Amino acid sequence: MNKQAHNIGPIGVFDSGYGGLTILDAIRKKLPQYNFLYLGDNARAPYGSRSFNIVYRFTLEAVKYLFSQGCNLVILACNTASAKALRNIQQNDLPNIDPTKRVLGVIRPTVEKIGEISRSGNIGILGTTGTIQSKSYDIEIEKIHPKFNVFSQSCPLWVPLVENQEANGEGADFFVQKYINQLLNQSADIDSIILGCTHYPILLDKIRKYTPSHINIVEQGAIIADSLADYLNRHPEMNIRCSKNGICSYLTTEDEDKFNSLASIFLNEKIDSKHIDL
């Protein structure tokens, strides 16, 4: 235990692109005393349309890199990575890499919370093609809320809209309305919609514009932040291995200037990132 107590480092936060910054922002507001190391694999984004094996391999590379930088706990702030890589990493890789380290995702905490939000048990999921095809939300909801009904809709153009800084443009309205209508056409009883991609909060104003007011729009940021705070409270052995100086650093596999510029859309603050290769 003493040896572990000296092995402290930042909490790693990983995303294939920029969307995970919406999760990081919420976590930092909830846990400002902790150190964080964000890694965006922006050079290889988006992950949403990639195969299971590729997403798993890329995610594992990122997790290993964050471990090498002293992280003992890594959050996959990416629904696609959580859907396609988390279980393999937890079950097959961590025991060999370091059984004392942990990797957590964003899907299960979101599914646990939806039980408190939905009144009818009819849940809509908006996500990338990869997340929707994986049926990860369907599987988790079936486990935790077996009587719920799930209706899913992939939104392949939403991430490109956000990352090309078109989220506030008129062209975005067409595609936001299109996918929401396709989801709601599946059932008139949907009362809660999970934004199953961390980019989607950037489109929140338009999503609300085209969604009936009685339907709950469920963002993941605050849910993941609360879940992480609860996890650290329940696992003091991990909590003491997380450094606490209120420092946040950023890594990207893309050009630093490009990352710094786009990241400001998500964080509303100036950042200074460092380029790395995976």
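Remember, predicted model here, so these are calculated numbers, not experimental data.

What counts as what
Residues numbered from 1 in each chain as written. Predicted model: local features only at pLDDT ≥ 70, side-chain atom pairs only at ≥ 80, totals over all residues. Heavy atoms only, no water. Helix = DSSP H or I, 4+ residues; strand = E, 2+ residues; numbered from the N terminus. Buried < 20%, exposed > 50% of the residue type's maximum accessible area, 1.4 Å probe, protein only. Contact = heavy atoms within 4.5 Å. Patch = residues over 30% accessible without salt bridge, like charges linked within 9 Å, V, L, I, M, F, W, Y side chains within 5 Å. Areas by Shrake-Rupley, 256 points an atom, 1.4 Å probe, with all protein chains shown as cover. Salt bridge = Lys/Arg side-chain N within 4 Å of Asp/Glu carboxyl O. Lys, Arg positive; Asp, Glu negative; His and termini not counted. Charge placed at Lys NZ, Arg CZ, Asp CG, Glu CD. Pairing = 2+ DSSP bridges. Axes fitted to C-alpha atoms, helices over the stretch in contact; angles between N-to-C directions. Parallel < 35°, antiparallel > 145°, perpendicular 65-115°, else oblique. Left-handed = near helix turned anticlockwise from the far one by under 90°. Nonpolar A, V, L, I, M, F, W, Y, C, P; charged D, E, K, R; others polar.

Draft legend 1. Main features of the side chain of threonine 253. Note that threonine 253 resides in the loop between β9 (248-252) and α14 (256-267). For threonine 253, a relative accessible area of 10% translates into the label buried. Once residues lying within four places of it in the same chain are set aside, the contact partners of threonine 253 are Gly40, Asp41, Asn42, Ala43, Arg44, His275, Ile276 and Leu278.

Draft legend 2. Quick peek at a negative patch on the surface. Side chains of Asp255, Glu256, Asp257 and Asp272 sit close together on the surface and give a patch of like negative charge. Note that aspartate 255 resides in the loop between β9 and α14. Among the residues examined, aspartate 255 registers a relative accessible area of 42% and is labelled partly exposed.

Draft legend 3. Up close: the pairing of strand β3 (residues 73-76). A two-sided burial pattern is seen for β3, the buried positions comprising Leu73 and Ile75 on one face and Val74 and Leu76 on the other. By the bridge criterion, three bridges tie strand β1 (residues 11-15) to β3 in an arrangement that is parallel. Following the sheet pairing, valine 13 is matched in β3 by isoleucine 75. Pairing of β3 with strand β4 (residues 102-104) involves three bridges; the strand directions are parallel. Within β4, the residue paired with isoleucine 75 across the bridge is leucine 104.

Draft legend 4. Geometry of unusual backbone geometry. Going from alanine 45 to proline 46, the amide bond is cis rather than trans, its omega being 0°. Looking at the secondary structure, you find proline 46 in the loop between β2 (36-40) and α3 (52-68). Positive phi, normally seen in glycine, also occurs at lysine 135, with a value near 60°. Mapped onto the fold, lysine 135 is located in the loop between α7 (129-134) and α8 (136-144). A positive phi angle, close to 55°, is found at asparagine 268, a residue other than glycine. Here asparagine 268 is to be found in the loop between α14 and β10 (274-275).

Draft legend 5. Structural detail: the packing of helix α2 (residues 20-30) against helix α12 (residues 221-234). For the pair α2 and α12, the least separation of the axes is 8 Å and the interaxial angle reads 50°. The angle between the axes of α2 and α12 places the two elements in the oblique class. For the crossing formed where α2 meets α12, the hand is right-handed. Residue-level contacts link Thr22, Ile23, Ala26, Ile27 and Lys30 of α2 to Gly221, Ala222, Ile224, Ala225, Asp226, Leu228 and Ala229 of α12. Of the residues belonging to the contact of α2 with α12, the class tally is eight nonpolar, two polar and two charged.

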